[in-house]
Amino acid sequence: SNGIQYAQLSISGIRDARANDQSQNQLFKLTHRGYTGVYANGDGEKGVAECPFDWYKTWVNNPKLAQEMAEKVTRKTIGVSCCPVAGIPQPTEEEDELLELTNELDLS
């Protein structure tokens, strides 16, 4: 047991969604970015396949660096004071103050 929670999904439901969903078909949309505009302009039918987001490339190639980058614009602690969860440590006062200051100054 690694502590990660998984959703209960059916393979047939996933396959059906991948083939037939429109607005919730994230896998298709990520790999066919802008397909409606590209099609409407007469520039093709499939949109853009290349990933334009450097952060996602970093996540695949250097997950630890991606985690550090995410923490710079979110938080470094797994718990938050405003929404405590039993068994998850809340941040210290210093961590909370630093997070508040970072958000106030928009140091992202």
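Heads up: the structure comes first, above all this text.
Figured I'd write up the structure that's included with this text. (Residues numbered from 1 in each chain as written. Predicted model: local features only at pLDDT ≥ 70, side-chain atom pairs only at ≥ 80, totals over all residues. Heavy atoms only, no water.)

## Topic: the overall build of the chain
The number of helices and strands found in the chain is 6 helices and 0 strands. Secondary structure elements in the chain, listed N-terminal to C-terminal, are α-α-α-α-α-α. Relative to the compact-globule value of 13 Å for 108 residues, the chain shows a C-alpha radius of gyration of 20 Å, a clear excess of over 25%. Overall, the C-alpha framework of the chain stretches about 55 × 35 × 25 Å when taken along its three principal axes. Here the chain holds 108 residues, and 9% of them are scored as buried. Considering only residue pairs separated by 6 or more positions, the chain has 6% of its internal contacts joining residues 24 or more positions apart. For the chain, the accessible area works out to roughly 9,400 Å², and carbon and sulfur atoms hold 54% of it. Averaging the positions of the 10 positive and the 16 negative side-chain charges in the chain gives two centres separated by 12 Å. (Helix = DSSP H or I, 4+ residues; strand = E, 2+ residues; numbered from the N terminus. Rg over C-alpha atoms; globule rule 2.2 N^0.38 Å. Buried < 20%, exposed > 50% of the residue type's maximum accessible area, 1.4 Å probe, protein only. Contact = heavy atoms within 4.5 Å. Areas by Shrake-Rupley, 256 points an atom, 1.4 Å probe, with all protein chains shown as cover. Lys, Arg positive; Asp, Glu negative; His and termini not counted. Charge placed at Lys NZ, Arg CZ, Asp CG, Glu CD.)

## Some remarks on the pattern of salt bridges
What the rule picks out here adds up to 1 salt bridge. Note that Glu 50 is salt-bridged to Lys 57, the shortest N-O span being 3.9 Å. A relative accessible area of 34% means that Lys 57 is categorised as partly exposed. (Salt bridge = Lys/Arg side-chain N within 4 Å of Asp/Glu carboxyl O.)

## Details of a nonpolar patch on the surface
A cluster of nonpolar side chains, Phe 53, Trp 55, Tyr 56, Trp 59, Leu 65 and Met 69, forms an exposed patch at the surface whose accessible area comes to about 560 Å². Those elements giving two or more residues to the nonpolar patch turn out to be α4 (54-61) and α5 (63-73). At 3 residues, α4 tops the list of elements feeding residues into the nonpolar patch. Of note, Met 69 is situated in helix α5. (Patch = residues over 30% accessible without salt bridge, like charges linked within 9 Å, V, L, I, M, F, W, Y side chains within 5 Å.)

## A closer look at the environment of Cys 82
As for its placement among the helices and strands, Cys 82 is situated in the loop between α5 and α6 (93-105). The spatial distance from the C-alpha of Cys 82 to the C-alpha of Asp 96 is 9.9 Å, given a sequence separation of 14 residues.

## Some thoughts on the packing of aromatic side chains
Aromatic ring pairs: the centre-centre distance and the angle between the two ring planes describe each pair. A complete count under the given rule lists 5 aromatic pairs for this structure. Relative to Tyr 56, the ring of Phe 53 lies with its centre 5.8 Å away and its plane at 65°, an arrangement referred to as edge-to-face. Since its relative accessible area comes to 40%, Phe 53 is described here as partly exposed. Here the aromatic residues Phe 53, Trp 55, Tyr 56 and Trp 59 are joined through ring pairs into a cluster of three or more. (Phe/Tyr/Trp six-rings, centres within 6.5 Å; stacked < 30°, edge-to-face > 60°.)

## Observations regarding the side chain of Thr 58
By the secondary structure assignment, Thr 58 is in helix α4. Judged by relative accessible area, Thr 58 falls into the buried class, the value being 19%.

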